[in-house]
Amino acid sequence: MRGERIAGKVRQITLLNLGRNFAIKQEDWPVLCRRIEQLLHPQEALLPLPCTGHIESAAQRYAGQLIVRAPISDSAAVASSDPAAQPCPPVMFAEVDIDSLQVMQPRSVGVEHVGLHALTELGIIDQLGELGVNGVVRASIIGNLIGRMGHPGSERATWNWLQKQSALGELIDVDYLSMSHMSLYRASDVLMKHREAIEARLFGTVRTLFGLEETITLYDLTNTYFEGEVPSNRKAKRARSKEKRSDCPLITLGLVLDGSGFVRRSQTFEGNVSEAGTLAGMLTGLDAPAGALVIMDAGIATEANVAWLVEHGYRYLVVRRGGTRQFDETQAVTIETADEQPLRLQKVLSEDGKELQLFCHSPGRQLKEEAMLESFSQRFEAGLQQILDGLAKPRAEKRPDKLRERIGRLKQKSRGASQHYTADLLTDESGKRVTGITWQKVPREGSQATHPGVYCLRTNQLDWDEERLWRTYTLLTDLESVFRSLKSELGLRPVFHHKEERADGHLFITVLAYQCVQFLRVKLKAAGIHDSWATLRETLSIQRRVTTTFRQRDGRTLHVRKATSAEPELMAIYRTLGVNPQPGGTRKLTS
């Protein structure tokens with residue numbers, strides 16, 4: 001409290017409400033007050049006032065809040081209303097001791113500022129209010145999402161970041177220091193409760209903001225790993241890990257995206273789920289328009305799934321599973337890829353006229369496949385030669401059945417190179433002893449050996465030309481970049497939670513954070529800023545909010561808290577997004 005004369009009368013003004021759950025004992029209040037005064041007048045203190053650890057923490061917290069919650073100056077208010085304008089605020093002069101300058105409490109503010117802008121524009125904050133989420137939980141959800149954008153990691157790591165490194169609490173007037181880490185966990189529970197409603201509303205907002213046409217649907221799955229054993233989570237299963245972490249239990253995330261890279265729907269599955277068995281469940285209930293084009297990779301594009309898509313009125317564009325390779329140079333057209341490499345394309349219509357196959361020949365892929373085939377062929381031949389050389393040794397294995405097993409193991413390790421060889425065992429008259437081995441390389445027609453660099457797409461979109469089909473399919477590579485962003489830029493991996501609902505919540509928070517990042521990147525790309533989120537985050541992280549403290553001539557202390565000036569690259573981002581380059585405004589406190 002402080003006294004202030006208003007209309008000739010002294011009024012008590014509340015500077016900071018400490019709440020009902022004030023933990024400091026009454027006998028410690030004088031020490032706490034003196035320590036707060038000392039922190040607010042640092043130039044006068046030769047030695048810090050001795051006090052216990054919990055009193056020191058409380059004093060630091062309350063002194064910081066007194067500055068953070070000081071009134072915003074008029075200049076900041078003008079700047080907030082129109083970031084493009086050059087306001088002329090009332091000038092305030094103060095005579096200070098320059099040598100008394102101190103700069104304190106640096107906190108990051110750039111990612112927080114644009115993250116709040118994205119959450120507001122996407123309507124997430126408003127929707128949480130409409131869903132009946134109270135203010136504390138809403139602040140925890142905002143902290144979770146922006147923490148995942150600015151400091152990827154677990155919810156506990158986010159909690160530490162919010163308390164010690166971030167100025168997010170200042171921007172939304174929330175004291176994260178008073179929150180426990182359980183608040184963030186409970187916030188993820190609330191998000192999971194409203195998952196379907198949030199995803200549906202969010203995609204509808206994105207579609208309106210950017211005028212998206214629902215003509216293309218991308219579907220794929222990825223998995224990530226748990227740290228430690230997770231016996232209580234039924235989705236934690238061991239399987240082949242795409243991150244080479246098959247030593248850990250896995251959980252699978254499936255995403256349905258539109259052609260612009262925004263998530264329409266997400267779902268978690270068991271770590272060992274069959275990719276092909278998830279398609280129908282994910283697409284059912286999406287309300288996609290009739291004839292929407294679904295793009296999938298070979299792992300999901302089974303005959304049963306293709307038949308399901310046709311039955312439900314979807315078009316499809318997928319990688320063909322198996323089959324023989326073919327390519328007729330005389331019937332092919334040439335296009336140029338994004339990295340300016342030539343690509344040859346040939347269309348072949350099926351006999352019943354219902355499906356089109358697009359055979360694609362890439363010179364770069366050809367060189368890679370030829371080198372791989374040559375390497376595995378050499379290993380296979382070296383293995384056969386080793387068996388042959390062993391026949392001349394007295395104690396070497398010479399039984400036909402055992403040598404056939406060894407040749408079988410060689411074939412297993414050859415990655416398909418063995419299919420181009422015929423190998424025969426020569427035996428003695430009894431047939432029980434091998435005397436020699438012969439082999440011959442005979443390339444199999446329609447395979448990698450005869451048509452290196454060729455792959456095939458299949459579709460029921462019959463009226464598109466070769467280039468449009470191929471470039472549309474390459475949108476699936478954008479989905480792969482989404483998974484990379486989720487894992488490396490937004491903290492999807494690893495998962496530390498043991499409870500199933502908390503693990504699902506961790507993944508869903510990452511998906512929502514990705515939606516915010518994608519919103520920002522789409523707007524920035526339209527202005528020619530094509531940086532990755534990792535690069536943008538580095539640029540945004542330069543800006544900090546700091547408290548500058550001076551001693552004035554009259555003996556009082558002036559505290560000014562504001563953000564550092566935006567550097568040119570950061571200013572370009574702020575101008576593109578149309579946000580104030582001075583997040584949080586300027587707050588002044590004289591003590």
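Residues numbered from 1 in each chain as written. Predicted model: local features only at pLDDT ≥ 70, side-chain atom pairs only at ≥ 80, totals over all residues. Heavy atoms only, no water.

**Q** Would you mind going over the overall build of the chain with me for this structure?
**A** When its secondary structure is counted, the chain shows 19 helices and 17 strands. For the chain, the C-alpha radius of gyration of 33 Å lies well beyond 25 Å, the compact-globule estimate for 591 residues. When its C-alpha atoms are laid out on the principal axes, the chain stretches across 120 × 65 × 45 Å. Within the chain, the proportion of its 591 residues that are buried is 47%. (Helix = DSSP H or I, 4+ residues; strand = E, 2+ residues; numbered from the N terminus. Rg over C-alpha atoms; globule rule 2.2 N^0.38 Å. Buried < 20%, exposed > 50% of the residue type's maximum accessible area, 1.4 Å probe, protein only.)

**Q** Could you clarify how one ought to interpret the packing of helix α4 (residues 110-121) against helix α18 (residues 533-541) in this entry?
**A** Describing two packed helices takes the angle between their axes plus the distance from one axis to the other. Where α4 contacts α18, the two axes come as close as 7 Å, and the packing angle between them is 120°. Relative to α18, the element α4 lies oblique. For the pair α4 and α18, the contacting residues are G110, V111 and V114 in the first and W533, R537 and L540 in the second. Each residue belonging to the contact of α4 with α18 can be placed in one class, and the counts come to 4 nonpolar, 1 polar and 1 charged. (Axes fitted to C-alpha atoms, helices over the stretch in contact; angles between N-to-C directions. Parallel < 35°, antiparallel > 145°, perpendicular 65-115°, else oblique. Contact = heavy atoms within 4.5 Å. Nonpolar A, V, L, I, M, F, W, Y, C, P; charged D, E, K, R; others polar.)

**Q** I keep staring at the environment of R587 and nothing clicks. Help me out?
**A** Examined against the element boundaries, R587 turns out to sit in strand β17 (residues 587-590). Sequence separation between R587 and Q385 is 202 residues, and the spatial gap between their C-alpha atoms is 81 Å.

**Q** Even after reading the chapter, I still don't get the packing of aromatic side chains, so can you show me in this structure?
**A** Each pair of aromatic rings is reported with the distance of its centres and the angle of its planes. If you walk through the whole model with that rule in mind, you get 4 aromatic pairs. Arranged with centres 5.6 Å apart and planes meeting at 25°, the rings of F210 and F262 form a pair that is stacked. Of this pair, F210 sits in helix α10 (residues 195-210) while F262 sits in the loop between β5 (250-258) and β6 (263-270), placing them 52 residues apart in sequence. An aromatic cluster of three or more residues is present, and its members are F210, F262 and F519. A cation over an aromatic ring shows up here: R245 above the ring of Y225, its NZ or CZ 4.5 Å from the ring centre. (Phe/Tyr/Trp six-rings, centres within 6.5 Å; stacked < 30°, edge-to-face > 60°. Lys NZ or Arg CZ within 6 Å of the ring centre and 35° of its normal.)

**Q** Got a minute to help me understand the nonpolar core in this structure?
**A** General note: in soluble globular proteins, nonpolar side chains tend to be found buried as a group. L255, L486 and W533 are the most contacted members of the largest nonpolar core, which totals 89 residues. A total of 13 residues in this core trace back to one element, the largest contributor, which is helix α17 (residues 500-526). If near-sequence neighbours (up to four positions away) are discounted, W533 is found in contact with V111, M149, E489, L490, V517, L520, R521 and L540. In this structure, V256, M282, I300 and V318 belong to the second largest nonpolar core, which totals 18 residues. (Core = buried A, V, L, I, M, F, W, Y, C linked by side-chain atoms within 4.5 Å.)

**Q** What exactly am I supposed to notice about helix α13 (residues 363-390) here?
**A** Since there are 3.6 residues in each turn of an α-helix, residues three or four apart along the chain are aligned in direction. Between its first and last C-alpha atoms α13 spans 41 Å; for 28 residues at 1.5 Å apiece the expected length is 40 Å, and the two agree. All of the buried residues along α13 are E369, L373, F376, S377, F380, G383, L384, I387 and G390. For α13, the secondary structure elements touched by its buried residues are α14 (400-413), β12 (421-427), β13 (434-441) and β14 (454-459). (Expected span 1.5 Å × (residues − 1).)

**Q** Is there a simple way to explain the sheet that holds strand β3 (residues 96-108) in this structure?
**A** Strand pairing in a sheet relies on backbone hydrogen bonds, with the paired strands running either antiparallel or parallel. With antiparallel pairing, 4 strands are arranged side by side in an open sheet as β3-β15-β16-β17. Where the open sheet ends on each side, the last strands, each with one partner, are β3 and β17. Neighbour-to-neighbour, the strand axes of the sheet open up by a mean angle of 15°, direction not taken into account. For β3 and strand β15 (residues 544-552), the ladder comprises 7 bridges, and the chain directions are antiparallel. Bridge assignment links Q102 to a residue of β15, and that residue is T549. Packed on one face of the sheet, helix α2 (residues 53-68) meets β3, β15, β16 (557-563) and β17 and runs near 115° to β17. (Pairing = 2+ DSSP bridges.)

**Q** What is the right way to look at the sheet that holds β14 in this model?
**A** Pairing is mixed in the open sheet, where 9 strands are placed in the order β6-β5-β4-β7-β8-β14-β11-β10-β9. In this open sheet, the two strands that pair with only one neighbour each are β6 and β9 (333-336). Geometrically, the sheet is characterised by an average inter-axis angle of 25° between neighbouring strands, direction not taken into account. Sheet analysis places strand β4 (residues 216-225) next to strand β7 (residues 293-296), joined by 3 bridges and oriented parallel. By the bridge assignment, I216 is partnered in β7 with L293. Helix α15 (residues 466-473) rests against β4, β7, β8 (315-319), β9, β10 (342-349), β11 (356-361) and β14 of the sheet, and its axis sits at about 110° to β10. The sheet strands contacting helix α16 (residues 475-489) are β4, β5 and β7, and the helix crosses β4 at an angle near 35°.

**Q** Looking at this structure, how should I read the side chain of R265?
**A** Within the secondary structure layout, R265 lies in strand β6. One buried charged side chain, R265, makes no salt bridge at all; its nearest oppositely charged neighbour is E196, positioned 4.9 Å away. Reaching out from R265, the side chain makes a polar contact with the backbone oxygen of M282 at a distance of 3.0 Å. (Lys, Arg positive; Asp, Glu negative; His and termini not counted. Salt bridge = Lys/Arg side-chain N within 4 Å of Asp/Glu carboxyl O. Polar contact = N/O pair within 3.5 Å; in protein donor to acceptor, adjacent residues only side chain to side chain.)

**Q** Sorry if this is basic, but what is going on with the pairing of β8 here?
**A** Remark: a regular strand shows side chains that alternate across the two faces of the sheet. For β8, the tally of buried residues reaches 4 of 5 residues, placing the bulk of the element in the interior. Here β7 pairs with β8 via 4 bridges, running parallel. Within β8, the residue paired with V294 across the bridge is Y316. Following the chain from β7 across helix α12 (residues 303-311) to the adjacent parallel β8, one finds a crossover that is right-handed. Note that β8 and β14 share 3 bridges and pair antiparallel. Paired with V319 across the bridge in β14 is L457. (Right-handed = clockwise from strand over helix to strand, strands pointing away.)

**Q** Quick question: what am I supposed to make of unusual backbone geometry here?
**A** Peptide bonds are trans in most cases, and residues, glycine excluded, mostly fall at negative phi. The omega torsion of the bond from R493 to P494 falls at -15°, within 30 degrees of zero and hence cis. Relative to the helices and strands, P494 resides in the loop between α16 and α17. Its identity is not glycine, yet D173 carries a phi of approximately 60°, on the positive side. Mapped onto the elements of the fold, D173 is located in the loop between α8 (168-172) and α9 (181-193). Positive phi outside glycine occurs at R415, with the angle close to 55°. Take R415: it is sitting in the loop between α14 and β12. Take R415: its relative accessible area is 66%, and that puts it in the exposed class.

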